[in-house]
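Below, each chain spelled out in residue letters.
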Amino acid sequence: MITVDCKDVSSLKSPLAIYTSDQVGAVPSLKKHEFMLVNLNDEEIDTARVIKAIKSFLNSLAIEKHFAVIQKKDVISIVPIDDYKLEGQPSNPTDQFFSCVHCGHVTQFEAVHNNHMKIHYL
């Protein structure tokens, strides 16, 4: 399990969690200022791949030069290296995600989640 500390980039936490989990093949678990990545088959997650995915995400937003990605054991932190400010936080909450307890499918929409859950009980 790897924890990614996003307190300095909290407005990017949700999209970063989804992008990173897709890149490394892990299931994200969102918390207030961080997210955790867990591999379903109890294998170790390659931290180098997680760091590469985070840097790739920051690069896609053209803000990679303003942040450093630092690893300490199983915690990866994204810290600012200058006075760059991310644009304002979204006005309505975007951290409302529904996750399937059976397979880890994640969606922001409750109706999609409910329909997905029905698949497991057919």
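Before reading on, note that the structure itself is shown above.
Note that the structure is predicted; figures quoted are calculated from it, not measured.

What counts, and where the lines are drawn
Residues numbered from 1 in each chain as written. Predicted model: local features only at pLDDT ≥ 70, side-chain atom pairs only at ≥ 80, totals over all residues. Heavy atoms only, no water. Core = buried A, V, L, I, M, F, W, Y, C linked by side-chain atoms within 4.5 Å. Buried < 20%, exposed > 50% of the residue type's maximum accessible area, 1.4 Å probe, protein only. Helix = DSSP H or I, 4+ residues; strand = E, 2+ residues; numbered from the N terminus. Contact = heavy atoms within 4.5 Å. Arc of directions from axis to C-beta. Pairing = 2+ DSSP bridges. Salt bridge = Lys/Arg side-chain N within 4 Å of Asp/Glu carboxyl O. Axes fitted to C-alpha atoms, helices over the stretch in contact; angles between N-to-C directions. Phe/Tyr/Trp six-rings, centres within 6.5 Å; stacked < 30°, edge-to-face > 60°.

Visitor: In this structure, what is going on with the nonpolar core? I would like to understand it.
Guide: When a protein is soluble and globular, its nonpolar side chains tend to lie buried together. Residues Val 4, Val 50, Ile 54, Leu 58, Ile 76 and Ile 78 are the most contacted members of the largest nonpolar core, which totals 22 residues. Counting only elements with at least two residues in this core, the list comes to β1 (2–5), α1 (13–24), β3 (34–38), α2 (47–60), β4 (67–72) and β5 (75–80). Here the element with the most residues in this core is α2; it accounts for 5 residues. If sequence neighbours within four positions are ignored, Ile 78 has contacts with Val 4, Asp 5, Cys 6, Asp 8, Val 9, Leu 16, Ile 54, Leu 58, Phe 67 and Ala 68.

Visitor: What exactly am I supposed to notice about helix α3 (residues 110–119) here?
Guide: When we look at burial in α3, the residues that qualify are His 113, His 116 and Met 117. Along α3, the residues classed as buried sweep out an arc of 100 degrees about the axis, all on the same side. Along α3, exposed side chains directed more than 90 degrees from the buried face belong to Ala 111, Lys 118 and Ile 119. Where α3 is buried, its residues touch β6 (98–99) and β7 (106–107).

Visitor: Sorry if this is basic, but what is going on with the pairing of β5 here?
Guide: Strand residues, when the strand is regular, have side chains that alternate between the two faces of the sheet. Alignment of β1 against β5, held across 3 bridges, turns out to be parallel. Residue pairing in the sheet places Asp 5 in a bridge with Ser 77 of β5. When β4 meets β5, the two strands line up antiparallel, connected through 6 bridges. When the bridges of β5 are listed, Ala 68 appears paired with Val 79. Where β4 hands over to β5, the hairpin turn is made up of 2 residues, of which Lys 73 adopts a positive phi near 55 degrees.

Visitor: Is there a simple way to think about the pattern of salt bridges in this case?
Guide: One side chain can pair with another of opposite charge once the charged atoms of both are near each other. Per the stated rule, a full pass over the model turns up 1 salt bridge. In this structure, Lys 7 and Asp 5 form a salt bridge, with 3.5 Å as the shortest nitrogen-oxygen distance. You can call Asp 5 buried: its relative accessible area is 15%.

Visitor: Explain the sheet that holds strand β2 (residues 27–30) here, please?
Guide: Sheets are built from strands that pair by backbone hydrogen bonding, the pairs being arranged parallel or antiparallel. The 5 strands lie next to each other as β2-β3-β1-β5-β4, forming an open sheet whose pairing is mixed. The sheet is open, and its two edges are formed by β2 and β4, each paired on a single side. Direction aside, the axes of adjacent strands within the sheet are offset by 20 degrees on average. The sheet contact formed by β1 and β3 spans 4 bridges and is antiparallel.

Visitor: I tried to follow the packing of aromatic side chains on my own but got confused; where do I start?
Guide: How two aromatic rings sit relative to each other is given by the distance of their centres and the angle of their planes. Evaluation of the coordinates by the stated rule reveals 1 aromatic pair. Pairing Tyr 19 with Phe 57 gives two aromatic rings, centres 5.7 Å apart and planes at 45 degrees, and the pair type is tilted. Taken together, the residues span a long stretch of sequence, with Tyr 19 in helix α1 and Phe 57 in helix α2 at a distance of 38 residues.

Visitor: Would you explain unusual backbone geometry in this entry?
Guide: Negative phi characterises most residues that are not glycine, and trans characterises most peptide bonds. Positive phi outside glycine occurs at Ala 62, with the angle close to 60 degrees. Tracing the chain through its elements places Ala 62 in the loop between α2 and β4. Classification of Ala 62 by relative accessible area gives exposed; the value is 54%. In this structure, Lys 73 takes a positive phi of about 55 degrees despite not being glycine. Summarising the element assignment, Lys 73 is placed in the loop between β4 and β5. The exposed category is assigned to Lys 73, whose relative accessible area is 77%.

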